[in-house]
Amino acid sequence: MRDAKHPVARVGPWLVAALVAFAAVGRPLRADGGDADEARRLREASAADWNAQRYRDAADKLRRAVAIYEAAPDRFRGDLAVARRAWVWNLVKAGDVEAAFAPFDAILVAAKADAALRTELFAAYGALYEAARDAGSLEAARRVLDRVRLRASAEGDTGVASQVLHDLASIARDRGAPAEARALLEQAVNERRAAKAETELAWSLNNLANLHLVEDRLDAALPLLLEAQRLVLERAAIAPQAAVGVNTKTVLDRLAAAEAPTAAQRAWVWDMAEVAAKSELATIHRPEVLLRAALRLDAAAGGAADRLAAARRLARLVLAPTSAPKEIRADLVLHAATLATPNGGATDALGWLASVEVGTGPAAGHLAARRGVAVALARAAQKQPGETAAAVEDARTALRALGDRGLREASLAAMVDAADAVGLASLAGGMREELAALRREGQAGARGASAMSGGHLEKFRNLGAHDPVFELRAIGIRLRVTDLLTETVVELDGTWQPQAVSVHGLTLKGFGAYVRVDGFAYGEAAAAANAGPTALLLADVEPYLVVPGTGALRILRNGAVTYTP
């Protein structure tokens, strides 16, 4: 649960005591400066013992320091808690778990009267959890943690009591008892929901969902992850956000690979996307990524009516008032229009496309070209030859200027069929010749990958979950990646070729004005073997992010992403 650093040096204030008399000096204790200095010296000496793994010596010194502080507990409340917590850890490390319960119980009682001591309480509990985790059997682990739960329940501390259930479930799972782990987590969820402990509830929901996923009970995991997502993004229960994001990705990958996701499974993706879209917080999975995933699943699973309904649902969400950058909205509208047109929604598509603003950033040309193609296809679907011909020529011009070979090839093929469908044989023939010439030209290779290792690990460790670490910003047609902790800057060309780069552990694949985050492990930066396929369509770089023309895209400490002005 926690690392094995010396607890006093690592956490700050703690420790409680077995009620023992201090007899090291032959005079009554005075809680004056002299005795306080002696207690401080004992704690410092105990830290040296801890580092040398002389845990019993450290425990004895801390017992004496606790006795000094207990002479004036109101004056030394914080120091007393710190010393007691360190005492618990050293007793556990010395193998005397039984003795560790006395100082732990004292912290438990003190924290009931002073909420400021709860950090020390949970730090002390961490030692007992570690003892349980390292016990020889699940029953031995249960004996340690059941005693913690019994004492916490007696003091009315539902937070510690439910944490025991949560942690014992993890131990049960690791020891091959998934049914017991599931029962414990379900009980923890019920207790934490009743106590309105939102962050802790999100953790237990996430862990229970993960257990269901491991045991291939996908449908059982979905409502748990949705509830956890709501707690994270609607109630700002941020701590479990990254873990919820990992399990969400597992679900998305399974649904993408499934032959026929159910209606309930597809609805879950929409619900997750809407929760993300309505939140002002940074998200692990950007709402536009989730919305595109929901649209793809509905497009693959249903008939024409279902596909059109999905496109309309996306358009309603995107065209509602939102603070999202205009490039993000344009990208989603283009997806909706592209799906609506061949499924009886050409009129809808043209209405949506008329409202699209592509911005002025590096994505503008690409979005404009995509819009031109979408308009041409919608005009053809409406059987309007004249309007189709004009739209096709505009789109061809935009595609030539853009330089995205993959988009140009796919778009020409689609517009050939559209021109044929409305009797524009000559126009279709010209595009066939253009397409054939394009294919004869061959493909430009991907740009070489690059990596930069390092970073400022000390700063990174001290950041909060939602503190920014990296920033992506458009500088003309280039994409600038900045490590905000070191002010290191790397730029990617805004060309429509795949480019891979790793900056201090952030691994990106760039493609024009679009990027995909492939990894984030600050301080580690292994170079990608290559930058991907030599031809790359947008569909191949899901889940991509659009770098806006104004403002920046920021990646935060826990991997969440947000757009800022």
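Scroll up for the structure.
Residues numbered from 1 in each chain as written. Predicted model: local features only at pLDDT ≥ 70, side-chain atom pairs only at ≥ 80, totals over all residues. Heavy atoms only, no water.

So, empty space enclosed by the protein
- All chains considered together, the criterion is met by one cavity of 30 Å³ or more.
- Approximately 90 Å³ is the volume found for the largest cavity.
- Contributing to the lining of the largest cavity are Q229, V232, L233, Q241, V244, G245, T248, M272, T283, I284, H285 and L290.
- For the lining of the largest cavity, the secondary-structure elements that each account for two or more residues are helix 11 (218-234) and helix 12 (241-257).
- Its residues assigned to classes, the lining of the largest cavity comprises six nonpolar, six polar and no charged. (1 Å grid on protein atoms, 1.4 Å probe; cavity = no way out; pocket = protein on both sides within 12 Å on 5 of 7 lines; lining within 4 Å. Points joined across faces, edges and corners; volume = space filled by probe spheres on them. Helix = DSSP H or I, 4+ residues; strand = E, 2+ residues; numbered from the N terminus. Nonpolar A, V, L, I, M, F, W, Y, C, P; charged D, E, K, R; others polar.)

Some words on the sheet that holds strand 10 (residues 561-564)
- Taken in spatial order, the five strands make up an open sheet running 4-3-2-9-10, and their pairing is antiparallel. Two strands in the sheet have a free side with no partner beyond their single neighbour: strand 4 (488-492) and strand 10. Averaged over all adjacent pairs, the angle separating strand axes in this sheet is 25 degrees, with direction ignored. (Pairing = 2+ DSSP bridges. Axes fitted to C-alpha atoms, helices over the stretch in contact; angles between N-to-C directions.)

Thoughts on the pairing of strand 4
- By the alternation rule, side chains of strand 4 split into T488, V490 and L492, which are all buried, and V489 and E491, of which none is buried.
- Bridge count between strand 3 (residues 478-483) and strand 4: five bridges; the pairing is antiparallel. In the sheet register, R480 faces strand 4, and the bridge partner there is E491.
- Hairpin connection of strand 3 to strand 4: four residues between the antiparallel strands, including E487 at a positive phi of 60 degrees. (Buried < 20%, exposed > 50% of the residue type's maximum accessible area, 1.4 Å probe, protein only.)

Describing the nonpolar core
- Core analysis: the biggest nonpolar cluster contains 173 residues, and F104, W268 and M415 have the highest contact counts within it.
- The biggest single contributor to this core is helix 11, with ten residues.
- Not counting the four nearest positions on each side in its chain, M415 is found in contact with V373, A376, L377, V392, A395, R396, L399 and M431. (Core = buried A, V, L, I, M, F, W, Y, C linked by side-chain atoms within 4.5 Å. Contact = heavy atoms within 4.5 Å.)

Examining the pattern of salt bridges
- Taken as a whole and assessed by the stated rule, the structure comprises 50 salt bridges.
- One salt bridge in this structure joins E274 and K278, with 3.9 Å as the shortest N-O distance. Of this pair, E274 and K278 both sit in helix 13 (residues 263-278), four residues apart, roughly one helical turn.
- Under the relative-accessibility criterion, E274 is labelled buried at 18%.
- Looking at K278, the relative accessible area reads 67%, which means it is exposed.
- Overlapping salt bridges, with partners in common, bring together E393, R396, R400, R408 and E434 in one network. (Salt bridge = Lys/Arg side-chain N within 4 Å of Asp/Glu carboxyl O.)

Observations concerning the environment of A177
- Locating A177 in the fold gives a position in the loop between helix 8 (158-174) and helix 9 (178-194).
- In this structure the C-alpha to C-alpha distance between A177 and L492, which are 315 residues apart in sequence, comes to 49 Å.
- Sequence-distant contacts of A177, that is, excluding residues within four places in its chain, are made with L138 and A172.

Overview of the environment of L308
- Tracing the backbone shows L308 in helix 15 (residues 304-319).
- For L308, a relative accessible area of 10% puts it in the buried group.
- Contacts of L308, omitting those with residues within four sequence positions, involve A340, N343, G344, G345 and D348.

Considering the packing of aromatic side chains
- Going through the model one piece at a time under the given rule, you end up with ten aromatic pairs.
- A centroid spacing of 6.3 Å and a plane angle of 80 degrees characterise the contact between F460 and F520, whose relative ring orientation is edge-to-face. Highlighted residues: F460 in helix 22 (residues 457-461) and F520 in strand 7 (residues 514-520), separated in sequence by 60 residues.
- For F520, a relative accessible area of 27% translates into the label partly exposed.
- Here the basic side chain of R147 rests over the ring of F101, its NZ or CZ set 4.2 Å away from the ring centre.
- One Lys or Arg, R557, reaches over the ring of F460 and ends 3.9 Å from the middle of that ring. (Phe/Tyr/Trp six-rings, centres within 6.5 Å; stacked < 30°, edge-to-face > 60°. Lys NZ or Arg CZ within 6 Å of the ring centre and 35° of its normal.)

A word on the pairing of strand 7
- One ladder, built from six bridges, connects strand 6 (residues 506-511) with strand 7; its direction is antiparallel. Counted as the bridge partner of F511 is Y514 from strand 7.
- Hairpin connection between strand 6 and strand 7: a loop of two residues separates the two successive antiparallel strands, and G512 in this loop has a positive phi of roughly 60 degrees.
- Pairing analysis gives two bridges linking strand 7 to strand 8 (residues 545-546), with the strands arranged antiparallel. The partner of Y514 across the bridge, within strand 8, is V546.

Remarks on the side chain of D105
- Locating D105 in the fold gives a position in helix 5 (residues 97-113).
- Its relative accessible area of 17% is what places D105 among the buried residues.
- Here the side chain of D105 touches R151 through a polar contact of 3.2 Å, side chain to side chain. (Polar contact = N/O pair within 3.5 Å; in protein donor to acceptor, adjacent residues only side chain to side chain.)

Some remarks on the sheet that holds strand 7
- Across the sheet, which stays open at both edges, the five strands sit in the order 1-5-6-7-8 with mixed pairing between neighbours. On the outer flanks of this sheet lie strand 1 (450-452) and strand 8, each paired with one strand and no other.

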